[in-house]
Amino acid sequence: MTELTLTTKNVDRIQADAVVVAVGQRGEEARLVPGAELPSGVAKELSGLLPALGVTGKVDEVVRVAAGKDLAADVLVLTGVGPVDDDGPDLETLRRAAGAAVRTLAGTADVALALPADTPERVGAVSEGALLGAYSFDRYRAQHRAPVARVELVTDLARSKAAKAAHARAVVVADAVAGVRDLVNASPSDLYPESFAEEATAAAKGTKVKVSVLDEKALESGGYGGLIGVGKGSARPPRLVKLSYSPARAKAHVALVGKGITFDSGGLSIKPAKGMETMKMDMAGAATVLHTVLAAAALELPVRVTGWLALAENMPSGTAQRTSDVITIRGGKTVEVLNTDAEGRLVLADALVAAGEESPDTIIDIATLTGAQMVALGSQVGAVMGTDDAREAVVAAANEAGEQFWPMPLPAELGESLKSQVADLSNMGDRFGGMLVAGLFLKEFVGDTPWAHLDIAGPAYNEGKPRGYTAEGGTGTGVRTLLTVLERTATR
Ligand code: BES
Ligand code: ZN
Ligand code: ZN
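Model, not experiment: these values are computed from the prediction.

**Q** Before we move on, can you summarise the sheet that holds strand E16 (residues 405-407) with the specific residues and values?
**A** Taking strand neighbours across the sheet as the criterion, the eight strands line up as E8-E9-E11-E10-E14-E18-E15-E16 in an open arrangement whose pairing is mixed. Since the sheet does not close on itself, it has two edges, and those belong to strand E8 (209-214) and E16, each with one partner. Sheet twist, expressed as the average angle between the axes of neighbouring strands with direction ignored, equals 20°. Sheet analysis places E8 next to strand E9 (residues 239-245), joined by six bridges and oriented antiparallel. Paired with valine 209 across the bridge in E9 is tyrosine 245.

Structure follows, in structure tokens:
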């Protein structure tokens, strides 16, 4: 992990390989955005040279120039923050600009950030962005460009209590997001329900989070027909992992439920090869729940949090569930499986029922649930459905955390399409509004508890180029939003 420290040192005297400053856009013009103070000669000279250097200040632009003799560092790095007014860049823009710079500087050992960091919030945002941008996944290859080893964030607030707290929180958040990315990026031959449960158990060791694991026998006798049905085509049996963080004097009890399909081939309703390529990421929801619970414990939030990881591998085989099979979800509702590729809702149904049995104040589930989510909102915006209060709490938390989540309805009339001729309901409904249909299916298993359902099919995985603090592959989207929900619950 990249080490990040706060410092009040003068920028010109910092012995780093590179010093990063922000450049924004004012109308047509690129402008240096004040952060930690540069020697006035350097700032002046640089400002005049920006057009000639081809620097525009647009977001995700990172340009390196020689630092010159007035700085102890070798290289000056200009990172774009886009259009700016007198207020300066917003927090998410700062995260992305810091992340883009540190990501681009992989292979460099020591980096100093002279970005705007004049409030504790900005210190937190720059820290978070830098650490998120430093992430790289090298489990299966000899590292080509090592992530930046050390980052110094230059700020007058280095000794302020609030800034130190913001920095410490950023470290916890970045660790959690990196944990999710590592799990999502892992090969599905290495990460399957049993090994996922073991990793969860190991990760919780020495923390205040208790872990219990239901294996296939316990699931069978517990009536978890969704997990058993989805998992039975695989040689790797399913698991249900329960994580409990129960601080004394908890303000509320929040249950988090994650879809953990370690590989989604579609089952007998098999996916085309193209559609299967990224399906190791179908456990992103469960990974998000695991690391959010661990982060809540690390931050000692005064909220009771119970995490549920619904883990199964969806494979076709002679023992796989068939289309038209009828299964019984925990609690007794029956489902006719008309498409084995709509498996996420089946494992989530079991876990939602289990979560509800403890009567939490709120249930939030997170899942790479439908391709329709990407049709509706694209690859970078997540969807939130559910009861009004819980849904709006998630949307507000996302805005605060810098993640994009958009509210979506659950129109009752669409639920009609989930009727089955033989069972209580079917797992397939109208193709149009498929994301909402999936949400309506889940709703059947929630009862009266305030509930939010997050569909992260698009934003969980970056199939495109790296951008801002986001690498290729697993993104960790959802951790920051869920953690902020828990923090807001704690301060209510
Ligand atoms: N895991 C997929 C959804 C998905 C698709 C996530 C693409 C990320 C990217 C899910 O299990 C699935 O296959 N859903 C089906 C449901 C349909 C059969 C009702 C879908 O969306 O096509
Ligand atoms: Zn599927
Ligand atoms: Zn799936």
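What follows continues from the structure just given.
**Q** So, the pattern of salt bridges: which residues are in play, and what are the values?
**A** Taken as a whole and judged by the stated rule, the model has 30 salt bridges. Note that arginine 239 is salt-bridged to glutamate 216, the shortest N-O span being 2.8 Å. Within this pair, whereas arginine 239 is found in strand E9, its partner glutamate 216 is found in helix H6 (residues 216-222), the two being separated by 23 residues in sequence. Owing to a relative accessible area of 10%, arginine 239 belongs among the buried residues under this scheme. By sharing partners, the salt bridges in this structure join Glu92, Arg95, Arg96, Glu128, Arg169, Arg480 and Glu487 into a single network.

**Q** Give a detailed account of the packing of aromatic side chains, specifying residues and quantitative values.
**A** Describing an aromatic ring pair means giving the distance of the ring centres and the angle of the ring planes. Applying the stated criterion across every chain yields a total of two aromatic pairs. Between phenylalanine 137 and tyrosine 140, the ring centres sit 5.8 Å apart and the planes meet at 70°, which makes this aromatic pair edge-to-face. Taking relative accessible area as the criterion, tyrosine 140 reaches 42% and is therefore assigned partly exposed. Judged by centre distance (5.3 Å) and plane angle (40°), the rings of phenylalanine 441 and phenylalanine 445 are tilted. Overall, the relative accessible area of 0% leaves phenylalanine 441 in the buried class. The exposure class of phenylalanine 445 is buried, given its relative accessible area of 7%. One Lys or Arg, arginine 236, reaches over the ring of tyrosine 192 and ends 3.7 Å from the middle of that ring. In this structure, lysine 333 is placed above the aromatic ring of phenylalanine 445, and the distance from its NZ or CZ to the ring centre is 5.5 Å.

The rules behind each value
- Residues numbered from 1 in each chain as written.
- Chains lettered and ligands numbered in written order.
- Predicted model: local features only at pLDDT ≥ 70, side-chain atom pairs only at ≥ 80, totals over all residues.
- Heavy atoms only, no water.
- Pairing = 2+ DSSP bridges.
- Helix = DSSP H or I, 4+ residues; strand = E, 2+ residues; numbered from the N terminus.
- Axes fitted to C-alpha atoms, helices over the stretch in contact; angles between N-to-C directions.
- Salt bridge = Lys/Arg side-chain N within 4 Å of Asp/Glu carboxyl O.
- Buried < 20%, exposed > 50% of the residue type's maximum accessible area, 1.4 Å probe, protein only.
- Phe/Tyr/Trp six-rings, centres within 6.5 Å; stacked < 30°, edge-to-face > 60°.
- Lys NZ or Arg CZ within 6 Å of the ring centre and 35° of its normal.

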